[in-house]
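Here are the chains, one letter per residue:
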Amino acid sequence: MVLSYAAVLAFLFREIVFHPLSRVVSSWACDLNRHYFPLEYFKSLEMLKGNLPLWNPHIYCGAPFLGNFQSSCLYPFNLFFLFLPMPFAFNLLFLLHELLAGLLMYLWAESRKLHPLACWMAGITYMLCGAVYLHLFAGHVTMFCAIAWTPLVFLALEKVVDSRELGWVLAGMAAFSLQLLAGHPQVFLYCAGLGLIYVFFNLWNNPHWKESLGLVLLVYLGVVGLTAVQLGAGWEALRECTLGSMLPYNYIASFSLPPEALLKTIFPDFFEKFGLFKYGRPENFWETTSYIGTIGLIFAFFGVLNVTPKSRRFSLSMLGISLVLAMGAYTPLYPFLYHYLPLIGQLRASARFLVIACAFLCLLAALGLDHLFRQTENQRRKTAFALLAFGIVLFVLGVLFSILSPATLSQVLAKPLHLESGSWTPPAQHWASVDLLVSGVLCLAASLFFYRLRDPLQLASCLVVTGLIELTVFANNHFTSFDWKNLAAQQSAIGNFLKENPGDYRVESNLGDRAETGGGSDIWGCDLFIPNRYGRFLAFTQNIDLNRFILEFVTWPRNFSRTPDLFRLLRCQYVLSDGGDHLEVKELPGKILSRFQLIGQWEKASGPEEIFSRISDPNFPLDRKVLLESAPNPAPGTPNPKGQVKVTDLSSDKMEIEADLPDAAILVFTENYTEGWKAKALPDSGQSRYEVIPADYILQAIPLSAGKHHFVLEYRPGLFVAGLWISIFCSALYLIAVFVFFRRWIDGVRRKE
C-alpha cells in the first residue's frame with residue numbers, strides 16, 4: 001500500500017525526483033518564494049546559531065516570530081531545513097506530507113473494517129483531491145503540512161469515544177499538536193471545532209458517554225499543555241498584532257466557497273484553467289476546488305444511498321456542515337458567526353472547510369466502494385442504467401458546449417453561475433467542454449462495467465483503476481514547479497545591492513519577505529502578524545483607515561502609494577521593486593534616524609491621532625524630539641544630549657547595550673514597540689531599573705540617567721516563559737504515558753504468545 005502510493009507520487013513528482021536541488025514544487029507567483037522561503041531562511045540561520053527566534057527584526061520594522069504560528073519553529077519535520085539544502089527540504093516536506101495524508105486516510109477507512117481496496121481508494125482520493133493537492137500549486141507549506149493530519153484527528157476522536165483506550169487518547173493529542181505546530185492554526189481550529197461536533201454526534205445513545213466525553217476533553221487539554229509554549233507566544237503576539245483583532249468583514253469573507261463552485265467536485269476546470277478568463281466571484285482555484293473525480297463521486301453516492309446510517313456514522317452530516325461553513329459569506333449564517341463566534345473574525349477563507357468536507361467525502365466513497373462487494377445483480381443492472389442516462393446527459397452537454405458560441409454561453413450561464421457579462425471566453429468554453437465530455441465518458445465506462453462484470457472484485461478493480469487514472473491526470477495537469485535558480489538570482493541581486501550600498505537602513509519593497517534573504521530589512525512584508533501600532537501608523541502614512549489598508553495592501557505585496565518623510569523614523573532609505581529580470585531601486589530623500597538614537601527633547605501626547613498629526617508636521621524635528629505617552633523616569637537633562645552607546649547583538653531578539661552619558665537622555669530604538677520587550681540591568685550598571693516605553697507611538701524608548709549603563713534588551717513575552725515550563729512538564733507526562741502504553745501493549749503480546 002505504501003509503495004503503491006509512493007509510486008503514484010513518484011510519477012507525479014518526476015520533475016522533482018530527477019531534479020531535487022534545482023526545481024521546487026509550487027508556482028513561482030504564489031507563497032513559497034515570497035513568504036515561506038524567507039521565513040525558513042531566517043529561522044534556519046537563527047536555529048543553527050542555537051537561538052529559538054522569538055522576534056524577526058527584518059520585516060515590519062520588527063515583528064513577533066515564534067508567536068506567528070506560521071513560523072512553525074517547533075514542528076519536528078522542519079528539522080529538514082537545518083541539515084538539507086533548502087530546495088530539497090521543501091520538496092521532501094511536500095512529498096512526505098502528501099504520502100502521510102494518504103496513509104492516514106487509509107487507516108481511517110480501515111478502522112471502519114472496509115475492504116482493503118476501498119481503504120486504498122480512500123487514501124489515494126484524499127491525497128489527490130482538489131482541496132488537498134492544489135495547495136501544492138499555491139505553495140501553502142504550513143497549511144499543506146497541517147492538512148495531512150486531518151484524518152488522524154477524526155480517527156482518534158472516533159476511537160476515543162468507542163474504545164476509551166489510552167493509546168487513542170495519546171494519538172489524538174499527537175495529531176492535534178502536530179497539526180497546530182505545523183504552522184496553520186486555521187486548519188487546527190476548524191478540525192478542533194468540527195471535531196467536537198463529531199464527538200457529540202457519536203456520543204448520542206452511547207451508554208459510556210460520560211467516560212468518553214471526559215477522555216475527549218483530556219485530549220483537548222493535553223494538546224493545550226503540549227503546545228503551551230507555542231500558544232503562549234502566539235497569544236502574546238495576537239494581543240498586539242492586527243490578526244488578533246476583528247478584521248474587516250469584506251476581508252474575512254473573501255475566499256468563501258461559491259455554491260456553484262461545487263460543480264468542481266467533478267468538473268475541476270469548469271470555471272477556469274489557471275485564470276484564462278475572469279470568473280465573476282473572487283476566488284483562487286486552490287481554495288474552492290472540491291474535486292474528487294467522477295468515479296469518486298459515484299462511490300460517494302453509493303455510500304450515501306446504500307450504506308446504513310449506522311455504518312456512515314454521521315459522515316453525511318459532517319459533510320453537510322462542512323460545506324455550509326465553507327460557503328461562508330454566501331450563507332445568511334456567516335454574519336452571525338463573524339460577530340459572535342470567537343476567532344471567526346480573524347480567519348479568512350472559510351472555503352478551507354473543504355479540507356474536512358473532502359475527508360468525509362472520501363470516507364463516504366470508501367463506504368460506497370465497500371458496498372459494491374455486496375450488491376445483487378439486479379442492483380448492478382439498475383446502477384448501470386442510471387449511470388448510462390447520466391453519462392449521456394453529460395456527453396450531450398459537452399458537445400453543446402463545444403459547438404455553441406461563447407456569447408451564447410455567457411448569456412445562458414451568466415445568471416445561474418454568477419458570471420460577469422461576456423466573460424465566457426473560448427479557452428473557458430474549451431475546458432468546460434472537456435470536463436463535461438470526460439465525465440460523460442467515465443460515467444458511460446462505469447455503466448459498461450456494472451452491466452458486463454459479474455465478479456464484484458473485477459468490477460471494483462476496474463472502477464478503482466479508472467478512478468486512479470482520472471485522479472492522476474487531474475493531479476498531473478495541475479502540477480507545477482519553478483526553477484530554484486530564479487529565486488537564488490533574486491536573492492543574489494538583493495545581496496549585491498546591499499553590499500554596494502552598505503548601511504544600517506531598511507528598504508520598502510514589493511518582494512514579499514525576500515529582502516531578508518539578501519541580508520536586508522524591510523518596513524513591509526506579506527503576513528497579517530503586523531504589530532497593531534505599526535499597522536495604524538502605516539495606514540496613516542497612506543492616508544487611509546486601517547481596514548482599507550488591510551484590504552488594499554495586506555492581501556498581496558505591493559509598493560506603498562506614498563513614501564512620506566515619516567519613513568525616516570523607520571530608517572527607510574530605498575524603495576525596491578521587482579522589475580522581472582532586474583531590481584528597480586529608488587532612493588528616498590532625507591536623512592534617516594540611527595538604529596539607536598539619544599534624544600533630549602520630549603513632549604507628552606495621548607492617542608495615535610494626536611501623535612501622528614504632530615510628527616507629520618514638516619517642522620517637527622524627528623531626530624531631536626520624541627512624543628511619549630507618559631513622563632520618562634529619569635527625564636532628560638539637556639535638549640541635545642551627548643554620550644556613547646555600544647550595542648552588541650546577541651540574537652535576533654536580544655542585545656547587550658552599554659552607554660556612558662554625561663546627562664540623562666532618552667535612548668530611542670527604531671524598532672517596533674510591543675509589551676514583550678524588556679530591559680534588564682546587569683550588575684555593573686549605574687541604573688538598577690530600566691523601562692521600555694513607546695516613542696512616537698511605534699518605536700521603543702528607554703529613559704537613561706547620567707552615568708554608565710550596562711543592560712540587556714530582550715523580547716521575551718511572559719506567556720512564552722510560562723508556556724515553556726508547562727510544555728516541558730506536559731511533555732514529560734506524555735512520554736511517561738507513552739512508555740506505560742507500550743509496556744502494557746508488549747505485555748499483552750507476550751501473554752498471547
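Residues numbered from 1 in each chain as written. Predicted model: local features only at pLDDT ≥ 70, side-chain atom pairs only at ≥ 80, totals over all residues. Heavy atoms only, no water.

## A look at the nonpolar core
One finds Phe-90, Tyr-126, Phe-154 and Phe-176 to be the most contacted residues of the largest nonpolar core, which totals 163 residues. Tallying contributions element by element places helix H20 (residues 354–372) first for this core, with 16 residues. Setting aside residues no more than four positions away along its own chain, Phe-176 makes contact with Val-153, Leu-157, Phe-188, Cys-191, Ala-192, Val-219, Tyr-220 and Val-223. Of all hydrophobic cores here, the second largest spans 41 residues; its members include Ala-539, Leu-566, Ala-695 and Ile-698. (Core = buried A, V, L, I, M, F, W, Y, C linked by side-chain atoms within 4.5 Å. Buried < 20%, exposed > 50% of the residue type's maximum accessible area, 1.4 Å probe, protein only. Helix = DSSP H or I, 4+ residues; strand = E, 2+ residues; numbered from the N terminus. Contact = heavy atoms within 4.5 Å.)

## Quick look at the sheet that holds strand E12 (residues 654–661)
Strand order in the open sheet made by the four strands is E11-E12-E17-E14, with antiparallel pairing throughout. Only two strands of the sheet have a single partner each, and these edge strands are strand E11 (644–651) and strand E14 (677–681). Each strand of the sheet is rotated relative to its neighbour by a mean of 20°, with strand direction disregarded. Looking at chain direction, E14 and strand E17 (residues 707–715) are connected through five bridges and run antiparallel. Within the sheet, the bridge partner assigned to Lys-678 lies in E17 and is Glu-714. (Pairing = 2+ DSSP bridges. Axes fitted to C-alpha atoms, helices over the stretch in contact; angles between N-to-C directions.)

## Here's the deal with empty space enclosed by the protein
Take a probe with the size of a water molecule and roll it over the atoms, and the empty space left behind shows itself. Counted under the stated rule, the structure contains five cavities of 30 Å³ or more. If you go around the largest cavity, you meet 14 residues; those closest to its centre are Leu-39, Asn-56, Ile-59, Phe-65 and Asn-68. Sorting the residues of the lining of the largest cavity by element identifies helix H3 (31–48) and strand E3 (63–64) as the ones contributing at least two each. Across the lining of the largest cavity, the residue classes tally to seven nonpolar, four polar and three charged. (1 Å grid on protein atoms, 1.4 Å probe; cavity = no way out; pocket = protein on both sides within 12 Å on 5 of 7 lines; lining within 4 Å. Points joined across faces, edges and corners; volume = space filled by probe spheres on them. Nonpolar A, V, L, I, M, F, W, Y, C, P; charged D, E, K, R; others polar.)

## Details of the state of the cysteines
Applying the stated criterion across every chain yields a total of zero disulfides. No disulfide involves Cys-191; its sulfur sits 13 Å from the nearest other cysteine sulfur, which is in Cys-358. Cys-61 supplies the cysteine sulfur nearest to Cys-241, a cysteine that is in no disulfide, at a spacing of 13 Å. Taking relative accessible area as the criterion, Cys-241 reaches 1% and is therefore assigned buried. (Disulfide = S-S within 2.5 Å.)

## Examining the packing of aromatic side chains
For the structure shown, the criterion picks out 47 aromatic pairs. Measuring from centroid to centroid gives 5.3 Å for Tyr-60 and Trp-524, while their planes differ by 75°, and the two rings are edge-to-face. One end of the pair, Tyr-60, is in the loop between strand E2 (55–56) and E3; the other, Trp-524, is in the loop between strand E5 (506–509) and helix H26 (532–541), and 464 residues separate them in sequence. You can call Trp-524 buried: its relative accessible area is 1%. A ring pair is formed by Phe-482 and Trp-484, whose centres lie 6.4 Å apart and whose planes are at 15°; its orientation type is stacked. (Phe/Tyr/Trp six-rings, centres within 6.5 Å; stacked < 30°, edge-to-face > 60°.)

## Side note on helix H6 (residues 116–128)
For H6, which comprises 13 residues, the first-to-last C-alpha distance of 19 Å matches the rise-based estimate of 18 Å (1.5 Å per residue) to within 8%. For H6, the tally of buried residues reaches 12 of 13 residues, placing the bulk of the element in the interior. Those residues of H6 not exposed but buried are Leu-117, Ala-118, Cys-119, Trp-120, Met-121, Ala-122, Gly-123, Ile-124, Thr-125, Tyr-126, Met-127 and Leu-128. (Expected span 1.5 Å × (residues − 1).)

## Focus: the pattern of salt bridges
Tallied over the full model, the rule gives 23 salt bridges. For Arg-34, the salt bridge identified is with Asp-31, shortest N-O distance 2.7 Å. Remark: Asp-31 and Arg-34 occur in helix H3; sequence separation between them is three residues, near one turn of the helix. Residue classification places Asp-31 among the buried residues on the basis of a relative accessible area of 17%. Here Arg-533 and Glu-629 are joined by a salt bridge, their closest N and O atoms 2.7 Å apart. Of this pair, Arg-533 sits in helix H26 while Glu-629 sits in the loop between strand E10 (625–628) and E11; the two residues are 96 residues apart in sequence, bridging distant segments of the chain. Put simply, Glu-603, Glu-610, Arg-614 and Lys-625 are held in one network by salt bridges that share partners. (Salt bridge = Lys/Arg side-chain N within 4 Å of Asp/Glu carboxyl O.)

## Examining the layout of surface pockets
In this model, the largest pocket occupies a volume close to 1200 Å³. Taken together, 43 residues make up the lining of the largest pocket; nearest its centre are Gln-70, His-184, Leu-243, Asp-527 and Leu-528. Elements represented by at least two residues in the lining of the largest pocket include exactly H3, helix H11 (185–203), helix H13 (228–240), helix H14 (249–253) and helix H15 (285–288). By residue class, the composition of the lining of the largest pocket is 26 nonpolar, 11 polar and six charged. Considering only enclosed or pocket space, the second largest pocket measures out at about 600 Å³ in volume. As for the second largest pocket, its lining consists of 29 residues, and the residues nearest its centre are Pro-57, His-58, Gly-519, Gly-520 and Ser-521. Here the lining of the second largest pocket takes four residues from H3, the largest share from any one element. Residues belonging to the lining of the second largest pocket are distributed by class as follows: 11 nonpolar, nine polar and nine charged.

## Quick notes on the pairing of strand E6 (residues 572–578)
Extensive coverage of E6 is indicated by the burial of six of its seven residues. As defined by bridge partners, E5 adjoins E6 across four bridges and the pair is classed as parallel. Of the residues in E6, the one forming a bridge with Glu-508 is Val-575. Bridge count for E6 against strand E7 (residues 583–587) is five bridges, and the pairing is antiparallel. Within E7, the position partnered with Tyr-574 by the bridge is Glu-587. Hairpin connection of E6 to E7: four residues between the antiparallel strands, including Gly-580 at a positive phi of 85°.

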